[in-house]
Amino acid sequence: MEPPHSFVRETSTCAVHHRDYLNRDDDHALCGVAFENPTPLDEPADDVAICPDCAARLAEYHARWWRHRALAAEAELEELRTKYLSDEAHRPAPAADAPATDVPTADDEKEPASLLDHARRELLALCRQCDEAIPYWRLKTAMQKFSDTLSTDQRVLLAQEIGADGSLIRWCTTEIVNLGRQVTNSPVQEESEAMWDAWTHDAYQTPKKTKWRLGRSRSQDAS
Ligand SMILES: [Zn+2]
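Residues numbered from 1 in each chain as written. Predicted model: local features only at pLDDT ≥ 70, side-chain atom pairs only at ≥ 80, totals over all residues. Heavy atoms only, no water.

(A) Looking closely at the overall build of the chain. Secondary structure assignment for the chain yields eight helices and six strands. When the helices and strands of the chain are placed in sequence order, the string is β-β-β-β-α-α-α-β-α-α-α-β-α-α. Of all 223 residues assigned to the chain, the portion counted as buried reaches 31%. Long-range contacts, defined here as pairs at least 24 residues apart, represent 69% of the contacts in the chain between residues at least 6 apart. (Helix = DSSP H or I, 4+ residues; strand = E, 2+ residues; numbered from the N terminus. Buried < 20%, exposed > 50% of the residue type's maximum accessible area, 1.4 Å probe, protein only. Contact = heavy atoms within 4.5 Å.)

Now the structure itself:
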């Protein structure tokens, strides 16, 4: 883009002047001549002679115009930079936040809605510690540890959430498969399943009997 020009014909002298770009004065031409009977010209014909005094001052106008544009661009850049920095400041730092959400203890403030959610959280924590395949014994240990934190009443609730025909370990295995992983070295023997079934059964039948270790449960403290 070039500095825009506009012309005025002074009717009394027939001379064509530039407008006074520098002072924005409609009564005078760029060269300083006072208009008596000015007529604006859209586009002067090529053979029309432009006032040489006006032409001599064009350089000053052009310099000022370019400087003004440069300053405007600079201001725009500064505005964008401020906005960018402000956005950056409000954006949570990914490096600091991402691992924190992966650590199960970071979620301790808000308790999971249900016991199954709680179990799922333990399961996800376990998955993060393992590769694609989760050894059965690790799953069993983790879930045993989880169930140890529950009160007897909570175990009954959990068994209800799983459903009467399922066991926690069976539910976990399904969840792990749903997560695109697998449990390795899982004993298909009914013995293990029976043990967990007995566990849920026991929880149903004898809630008062503290066969399972109680204590150190945060959710228990909250209830
Ligand atoms: Zn002039």
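(B) Up close: the coordination of the zinc ion. The protein atoms that coordinate the zinc ion are His17 (ND1), Cys31 (SG), Cys51 (SG) and Cys54 (SG), at distances spanning 2.1 to 2.3 Å. Around the zinc ion, the four donor atoms sit at angles spanning 104 to 116°, and that spread fits a shape best called tetrahedral. Written as a sequence motif, the donor arrangement for the zinc ion is H-x13-C-x19-C-x2-C. One end of the pair, Cys31, is in the loop between strand E3 (25-29) and strand E4 (38-41); the other, Cys54, is in helix H1 (residues 52-90), and 23 residues separate them in sequence. (Donors = N, O, S within 2.8 Å, 3.2 Å for Na, K, Ca; no water. Tetrahedral: all angles 85-135°; square planar, octahedral: opposite > 155°, others 65-115°.)

(C) Layout of the layout of surface pockets. Reported here for the second largest pocket is a volume of approximately 340 Å³. Those elements giving two or more residues to the lining of the second largest pocket turn out to be strand E2 (15-20), E3 and H1. Broken down by element, the residue count for the lining of the second largest pocket peaks at five residues, all from H1. (1 Å grid on protein atoms, 1.4 Å probe; cavity = no way out; pocket = protein on both sides within 12 Å on 5 of 7 lines; lining within 4 Å. Points joined across faces, edges and corners; volume = space filled by probe spheres on them.)

(D) Representation of the nonpolar core. By size, the foremost hydrophobic cluster in this structure holds 22 residues, and its most contacted members are Leu139, Leu158, Leu168 and Trp171. The set of elements that each furnish at least two residues to this core consists of helix H3 (115-129), helix H4 (136-148), helix H5 (152-162) and helix H6 (168-178). When residues in this core are grouped by element, the largest group, six residues, is from H3. Counting eleven residues, the second-largest nonpolar core is a separate cluster that includes Tyr21, Leu30, Phe35 and Trp65. (Core = buried A, V, L, I, M, F, W, Y, C linked by side-chain atoms within 4.5 Å.)

(E) Molecular detail of a negative patch on the surface. On the surface, Asp42, Glu43, Asp46 and Asp47 cluster together to form a negatively charged patch. Residue placement: Asp42 occurs in the loop between E4 and H1. According to the relative accessible area criterion, Asp42 is exposed, its value standing at 75%. (Patch = residues over 30% accessible without salt bridge, like charges linked within 9 Å, V, L, I, M, F, W, Y side chains within 5 Å. Areas by Shrake-Rupley, 256 points an atom, 1.4 Å probe, with all protein chains shown as cover. Salt bridge = Lys/Arg side-chain N within 4 Å of Asp/Glu carboxyl O. Lys, Arg positive; Asp, Glu negative; His and termini not counted. Charge placed at Lys NZ, Arg CZ, Asp CG, Glu CD.)

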